[in-house]
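Examining the three-dimensional arrangement
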Amino acid sequence: MSFEIRKIVSYVEEIFIEGGKATDTPVTMVGLAVVMKNPWLGRGFVDDLKPEIRANCSDLGALMVERLVKIIGGAQKIEAYGKAAVVGADGEIEHASAVIHTLRFGNHYREAVKAKSYLSFTNKRGGPGTSIQIPMMHKDDEGLRSHYITLEMKIEDAPRADEIVVVLGCADGGRLHPRIGNRYIDLEELAAEKAQ
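A brief report on the enclosed structure follows. Per chain, residue numbering runs from 1 following the sequence as it is written. In keeping with the model being predicted, local features are shown solely for residues with a pLDDT of at least 70 and side-chain atom pairs are shown and tallied solely at 80 or more, while totals for entire chains, interfaces and linings include all residues. Side-chain numbers here rest on the full set of heavy atoms in the structure, without hydrogens or water.

With that settled, consider unusual backbone geometry. For residues besides glycine, phi is generally negative; the peptide bonds are generally trans as well. A cis amide bond links Ala-158 to the next residue, Pro-159, at an omega of 0°. With respect to the helices, strands and loops of the structure, Pro-159 is situated in the loop between β6 (149–153) and β7 (163–171). Its identity as a non-glycine residue notwithstanding, Lys-114 has a phi of 55°, on the positive side. The topology assignment puts Lys-114 in the loop between α3 (103–112) and β4 (120–125). In this model, His-177 sits at a positive phi of 55°, which is unusual for a non-glycine residue. The helix and strand labels rest on DSSP assignments: H or I over at least four residues marks a helix, E over at least two residues marks a strand, and numbering proceeds from the N terminus. Note that His-177 resides in the loop between β7 and α4 (183–195).

Given below as structure tokens:
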């Protein structure tokens, strides 16, 4: 792999109590971040980002998925998933997007967890210590609001101005004590209201 990786950071969060109410089954969320040098920086405006995408994104996706799955204890445990990228101050948002918005990168994750849903995402610009939000949804059903969750993390020294932080997130469940229903219930209720 020719992406220059400075470091890999993992973050694990276990949630036991929400709204003052404990659960018998805590939810574990994991974030795995790669801090890498921005391969397009210092070359002026680059019209074609695809050579680096084709050469490197598949290897990066495979590496990250393998490590993420190991941390959470197996692909079969993943119910919710998402991705994020933060480009440093000297880069373009398009540089962050170029790494994560390609099937060469994302298909490794979808195939590992046998997902049907698309990977929800954020991509933004930020400096060292910026908040990184990884929005997630159920891997098989975008309408299950119980799994609309966000993992937030930060890396104190990243991204530097010439770097990109690439992140994958996962959870072994949804929010604790979900009570707002789902998209399908809303559609039924709205149809019933219109029929009256």
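What follows concerns the pairing of strand β2 (residues 21–37). Any two strands with at least two DSSP bridges between them are considered paired. Where strand β1 (residues 5–18) and β2 come together, 12 bridges link them in antiparallel fashion. Pairing of Val-12 across the sheet is with Val-30, part of β2. Count of turn residues in the β1/β2 antiparallel hairpin: two residues, of which Gly-19 carries a positive phi of about 65°. Examined bridge by bridge, β2 and β7 share nine bridges and lie antiparallel to one another. Counterpart to Val-34 in the pairing with β7 is Val-166.

Counting along an α-helix, one turn takes 3.6 residues, and residues three or four places apart therefore face a common direction. To estimate the expected span of a helix, subtract one from its residue number and multiply by 1.5 Å. Here helix α1 (residues 50–72) contains 23 residues, and its C-alpha end-to-end distance of 32 Å stays within 8% of the 33 Å for a straight helix at 1.5 Å per residue. The largest bend in α1 is about 40°, located at Asn-56. A simple rule labels every residue: compare its accessible area, found with a 1.4 Å probe on the protein chains alone, to the largest value its type can have, and call it buried under 20%, exposed over 50%, or partly exposed in between. Along α1, the residues classified as buried are Glu-52, Ile-53, Asn-56, Cys-57, Leu-60, Gly-61, Met-64, Val-65, Leu-68, Val-69 and Ile-72. By definition, residues are in contact when any of their heavy atoms lie within 4.5 Å. Buried residues in α1 make contact with β1, β2, α2 (93–100), α3 and β7. In the stretch just after α1, Gly-73 is the one whose phi turns positive, near 100°. A residue's bend is the angle separating two fitted axes: one through the seven residues that end there, the other through the seven that start there.

Once that is clear, we can look at α4. With 13 residues, α4 should cover 18 Å at 1.5 Å per step; its first-to-last C-alpha distance of 18 Å lies within 8% of that length. A distance of 2.9 Å separates the backbone nitrogen of Tyr-184 from a side-chain oxygen at the start of α4, and that oxygen is part of Asn-182. Here a polar contact is taken to be a pair of N or O atoms separated by no more than 3.5 Å, where protein atoms must pair a possible hydrogen donor with a possible acceptor and residues adjacent in sequence count only if both atoms sit in side chains.

Once that is clear, we can look at the pattern of salt bridges. Opposite charge on two side chains allows them to pair when their charged atoms are near. Whenever Lys or Arg places a side-chain nitrogen within 4 Å of a carboxyl oxygen from Asp or Glu, that contact is recorded as a salt bridge. For the coordinates displayed, the defined rule picks out eight salt bridges. For Lys-7, the salt bridge is made with Asp-157, and the minimal N-O distance between the two is 2.8 Å. Of the two residues, Lys-7 sits in strand β1 while Asp-157 sits in the loop between β6 and β7, which places them 150 residues apart along the sequence. The class of Asp-157 is partly exposed, set by a relative accessible area of 26%. Notably, a salt bridge pairs Glu-52 with Arg-43, separated by 2.9 Å at the nearest N-O pair.

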